[in-house]
Amino acid sequence: MKKVLAVVVLVFSFTVTIHAEDGYRLWLRYDKIDNPVKLAGYSNAISGVKFIGNSKTIELAEEEFLTGLMGLLDKQIPVVSEIERDGVVLAGTLNNLPELNQLLSNKVDKLGEEGYLITEGKLNDKKAILIVAGSDIGVLYGTFHFLRLLQTQQDISAINIESDPKVGIRVLNHWDNLDRTSERGYAGFSIWDWHKLPDYLIPRYTDYARANASIGINGTVLTNVNSNALVLTEQYLKKVKSLADVFRPYGIKVYLTARFSAPIEIGGLETADPLNEDVRNWWNEKVKEIYRFIPDFGGFLVKANSEGQPGPQNYARSHADGANMLADALEPFGGVVMWRAFVYSADDKDDRAKQAYKEFKPLDGKFRKNVLLQVKNGAIDFQPREPFHPMFGAFTNTNVMMEFQITQEYLGQATHLVYLAPMYKEVLESDTYAKGKGSTVAKVIDGTLQDYPVTGMAGVANIGTDRNWTGHTFGQSNWYAFGRLAWDHELTSSEIADEWIRMTFSNKESFVEPVKKMMLESRENTVNYMAPLGLHHLMGWDHHYGPGPWIKDKGRDDWTAVYYHRSDDEGIGFDRTETGSNAVSQYFPEVRDKYASLESCPEEFLLWFHHVNWDYKMKFDRTLWNELVMRYYDGADAVKGMQETWNALKDEIDNERLERVKMLLKIQRDEAVWWRNASVLYFQTFSKRSIPDGLEKPDKSLEYYESLKFPYAPGIRPTW
């Protein structure tokens, strides 16, 4: 294994400059900061930098380090040829620095290929900080980590950090189409300009790779899961190659979505049957062609036999048959197949929440070792709150990876401030009881629970052509949080928010603390004004914008809201116990029993698992109806509190970002009231109960809310 060493010595003091910003720099803002940083007792100087290595990655690490220090120190640091004094920044391999082998080799050997060590040491009796990694990309990751410590003004006077990613494949899924539209994208068009590629490479591609590397993301799926086979043609592979060449030095592999019917659509075959020899040969040759263009190609992401997409079941074959065909083609090159488990059939009238488990559980152990089942965090579809998917923990002989949604399809899209780390953590910390107490979803995903040979975590990206990348400035925090948790799921939501705020805005405690509180509470607020107490799938039809609990009579029952909330004169909620769909039976007994009991089921999942009477007594002696209404009102009121918090910070940050977020919070407040009023009025038609005294009554009728149309909502194409 190639060993790379970087050594850093720094001490300095900083000041803040407030100026207008458009958000393009994300969290990589190397502006001079205000408080002194404690650094191993060195004098207030860096004497020089020396990086040893020939790779482009090492060049980028050095460039990043010098750029970062220039901004943070507000002075230029020289590159030196010799280490003659304290304070030299050194990067190289242990083989090139044999004097460090005895000191550090044992520690480095325990790290994986991407891990790194940051610690104190000496070179030629000169005090230094060492950043040591097992590979060049580890050096780059370590460089970003060290700069993050400086940006957030951490005490590094006795630094000793060992960091290794807990998950192997940490990948963004871009639901981007070849025409540059982005399904469920709320930040402009796709950043991939297929028309101008491969010859026109914009700086944004490099900046994208750099931002991902800074948080440890090591892969990107360029194309929509509702895929287009054209991306597998030579014309497009040349374009993909140009992007892969940009991303490679940043440790990012390119993946593509594979349309299962590609052998027919671009291969001229009459079938795509995965057991057909001609089909298998076609995929073998296609994979060889891809690797000729992209030697480090990561593999395929596949959506098959789901929502109309073609797949192996078209030929009476199993998901394992389809995935294994592709896996066999990729295996000689080290590629993987990420096979999505998001399936539900119009012909299966059973509870949609049960269908993926039913379809895949019998196939456990039948997939190749380079196949990962990519499973959404919950069994329905990225709802504001879902219990963890029962597939987590249920597969002992099949790799299972996580799929989170970073783009806010069901959480206000790009107009609502919703920090998603608490949602991610809620799922990751859930106990599956697969091997007794402590068998968390996180331990399933990182492979430690069931010894998965390949591990992964995917995030559906929220990145577009908007200047600030994500539409909402705070949308950047969810991209950041996903990367940080994919690297280390033991980080807390608070720690990640603290980092992001300090790097993106300011280190002033008068700014950090109120904004962090606002972020940490934002997801729960949103759940309250959208779908409290376990309600789900209440959004508007097709575009998923705004409330639509009245949605019914569509092409499929499970595309409607009434299918899920099941309101009637008696009560509300989906009975998933033995008296209903019995979806609780798919969990291990400890989890099953907790959810199945009306008394022990957590309130946040009450209406997910139970149909509950309107007069059922909840906490504080409230009836279910009163509690439901109070949640809607509390959620909407909390957004007003977020506005007040943000407005009070007008002297703390630049006016441009202040005003943009201020305008979006106004939209969020109005839409939270819209969600509240529309939902309460609709459910009131079943409960026949009054809105509790003291609460503001809706100023418009239910008929008004039901009549609203949104032909230009994101995700909708106008019909001409």
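Summary of the structure given here. Note that this is a predicted model, so its numbers are computed, not measured.

Cut-off values and rules
- Residues numbered from 1 in each chain as written.
- Predicted model: local features only at pLDDT ≥ 70, side-chain atom pairs only at ≥ 80, totals over all residues.
- Heavy atoms only, no water.
- Helix = DSSP H or I, 4+ residues; strand = E, 2+ residues; numbered from the N terminus.
- Rg over C-alpha atoms; globule rule 2.2 N^0.38 Å.
- Buried < 20%, exposed > 50% of the residue type's maximum accessible area, 1.4 Å probe, protein only.
- Contact = heavy atoms within 4.5 Å.
- Areas by Shrake-Rupley, 256 points an atom, 1.4 Å probe, with all protein chains shown as cover.
- Lys, Arg positive; Asp, Glu negative; His and termini not counted.
- Charge placed at Lys NZ, Arg CZ, Asp CG, Glu CD.
- Salt bridge = Lys/Arg side-chain N within 4 Å of Asp/Glu carboxyl O.
- Pairing = 2+ DSSP bridges.
- Axes fitted to C-alpha atoms, helices over the stretch in contact; angles between N-to-C directions.
- Core = buried A, V, L, I, M, F, W, Y, C linked by side-chain atoms within 4.5 Å.
- Expected span 1.5 Å × (residues − 1).
- Polar contact = N/O pair within 3.5 Å; in protein donor to acceptor, adjacent residues only side chain to side chain.

### Considerations on the overall build of the protein chain
- A tally of helices and strands in the protein chain yields 20 helices and 16 strands.
- Here the protein chain has a C-alpha radius of gyration of 26 Å; the compact-globule value for 720 residues is 27 Å, and the two agree.
- Seen through its principal axes, the protein chain has C-alpha atoms that stretch 85 × 65 × 55 Å.
- Considering the protein chain as a whole, with its 720 residues, one finds that 63% of them fall into the buried category.
- Sequence-distant contacts, at least 24 apart, represent 73% of the contacts inside the protein chain between residues at least 6 apart.
- Only carbon and sulfur atoms are counted for the fraction: they give 47% of the accessible area of the protein chain, which is about 26,800 Å².
- The protein chain carries 82 positive and 99 negative side-chain charges, and their two centres are separated by 1 Å.

### Observations concerning the pattern of salt bridges
- Inspection of the entire model under this criterion finds 56 salt bridges.
- Linked through salt bridges whose partners overlap, the residues forming this network are E21, R25, R29, D31, D654 and R657.

### Considering the sheet that holds strand β11 (residues 336–340)
- Spatial strand order, β7-β8-β9-β10-β11-β12-β13-β14: eight strands in a closed barrel with parallel pairing. Each strand axis lies, on average, 25° off the axis of its neighbour in the sheet, ignoring direction.
- Where β11 lies against strand β12 (residues 371–376), four bridges are found, and the strand directions are parallel. Bridging across to β12, R340 finds its partner in Q374.
- On top of the sheet, helix α5 (residues 234–247) reaches β8 (219–221) and β9 (253–257); it is set at about 150° to β9, its chief contact.

### Some remarks on the nonpolar core
- Of all hydrophobic cores here, the largest spans 223 residues; its most connected members are F247, F300, W339, W479 and W646.
- Of the residues forming this core, the biggest block, 13 residues, is contributed by helix α19 (residues 655–687).
- Aside from chain neighbours lying at most four places away, what touches F300 is L232, L256, A258, W283, V287, I290, L326, L330, V336, V337 and M338.
- L104, V108, L117 and L130 belong to the second largest nonpolar core, which has seven residues in total.

### Some thoughts on helix α8 (residues 319–330)
- In this model α8 runs 17 Å from its N-terminal to its C-terminal C-alpha over 12 residues, within 8% of the 16 Å that 1.5 Å per residue would give.
- Among the 12 residues that make up α8, 10 are buried, leaving the element largely enclosed by the rest of the structure.
- Of all the residues in α8, the buried ones are H319, A320, G322, A323, N324, M325, L326, A327, A329 and L330.
- Its buried side turned inward, α8 meets α7 (277–293), β10 (299–302), β11, α9 (352–360) and β12.
- Capping the start of α8, S318 holds a side-chain oxygen 3.2 Å from the backbone nitrogen of A320, two or three residues further along.

### Notes on the side chain of N399
- Inspection of the secondary structure assignment puts N399 in strand β13 (residues 399–405).
- There is a polar contact of 2.9 Å between the side chain of N399 and the backbone oxygen of K369.
- Not counting the four nearest positions on each side in its chain, N399 is found in contact with K369, V371, L372, L373, Y452, P453 and V454.

### Regarding the environment of D348
- Within the secondary structure, D348 is located in the loop between β11 and α9.
- Expressed as a C-alpha distance, the spacing of D348 and I496, which sit 148 residues apart in the sequence, is 41 Å.
- Every residue in contact with D348, bar those within four places of it in the chain, is listed here: Q355 and K358.
- Within the structure, the side chain of D348 is placed 3.2 Å from the side chain of K358, a separation counted as a polar contact.

### What to know about unusual backbone geometry
- Geometrically, the link from L197 to P198 is a cis peptide bond, its omega value of 10° lying close to zero.
- For P198, the location among the structural elements is in the loop between β7 (169–173) and α4 (203–214).
- Of note in this structure, A316 is not a glycine but carries a positive phi near 60°.
- Among the secondary structure elements, A316 is positioned in the loop between β10 and α8.
- In this structure A316 comes out as exposed when scored by relative accessible area, which is 73%.
- Its identity is not glycine, yet N582 carries a phi of approximately 60°, on the positive side.
- When you line up the elements, N582 lands in the loop between β15 (571–572) and α16 (589–596).

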